[in-house]
Amino acid sequence: MFKTTVTAALVGAAMLGLSACDVKKTQEGNVNLPKYDVQKTQEGNVSLPKYDVKGPDVQVSKEEKTVTVPTVKTEEKTITVPNVNVTTAKEKEQGGDKK
């Protein structure tokens, strides 16, 4: 069960990281298709758009927490749980760190 919980947490953090990308269009695209009659009358020209994609900073660490674990009798155990910090591209540009 612990492995399932950790795996689910890591998958969730990865999905959050991917959705935190900031995409800016830096150049317009243009496509001039060649025109053909029986003979080619115009040369084709293709200019694709350019994008800057800045992904988030993701920091994963471990910290110990005391939690109540159900057993035959209830007792407290100290376990290591994942700690994920995500700094989006917009926050990186503003110079702030999300902790």
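The numbers attached to residues start from 1 for each chain and follow its sequence in the written order. Where totals are concerned, whole chains, interfaces and linings use all residues; where local detail is concerned, this predicted model gives features only for residues with pLDDT of at least 70, and gives and counts side-chain atom pairs only at 80 or more. The basis for every side-chain value is the complete set of non-hydrogen atoms in the structure, without hydrogens or water.

1. Thoughts on a nonpolar patch on the surface
As a reminder of what qualifies: Only residues above 30% relative accessible area that lack a salt bridge enter a patch, with like-charged residues linked at up to 9 Å and the nonpolar side chains Val, Leu, Ile, Met, Phe, Trp and Tyr linked at up to 5 Å. Note on areas: Shrake-Rupley with a 1.4 Å probe; residue coverage comes only from the protein chains shown. Here, a salt bridge means any side-chain nitrogen of Lys or Arg that lies within 4 Å of a carboxyl oxygen of Asp or Glu. Going along the chain from the N terminus, every DSSP run of H or I of four or more residues is numbered as a helix, and every run of E of two or more is numbered as a strand.
On the surface, Leu10, Val58, Val60 and Val84 cluster together to form a nonpolar patch covering roughly 300 Å² of accessible area. Looking at the element boundaries, Val58 is found in strand E5 (residues 57–69).

2. Regarding the layout of surface pockets
Any empty space left between the atoms is revealed when a probe the size of a water molecule rolls over them. Here is the rule: Cavity means a closed set of points on a 1 Å grid over the protein atoms alone, one where a 1.4 Å probe fits but cannot get out, pocket means an open set with protein on both sides within 12 Å along at least 5 of 7 lines, and lining means a residue has an atom within 4 Å of a point. Grid points are joined across faces, edges and corners, and a volume is the space filled by probe spheres set on the points. Residues are grouped as follows: Ala, Val, Leu, Ile, Met, Phe, Trp, Tyr, Cys and Pro are nonpolar; Asp, Glu, Lys and Arg are charged; all remaining types, including Gly, are polar.
Its boundaries defined by the atoms lining it, the largest pocket holds a volume of some 160 Å³. For the lining of the largest pocket, the secondary-structure elements that each account for two or more residues are helix H1 (2–19) and strand E6 (75–87). Broken down by element, the residue count for the lining of the largest pocket peaks at 4 residues, all from H1. Counted by class, the lining of the largest pocket contains 7 nonpolar, 1 polar and no charged residues.

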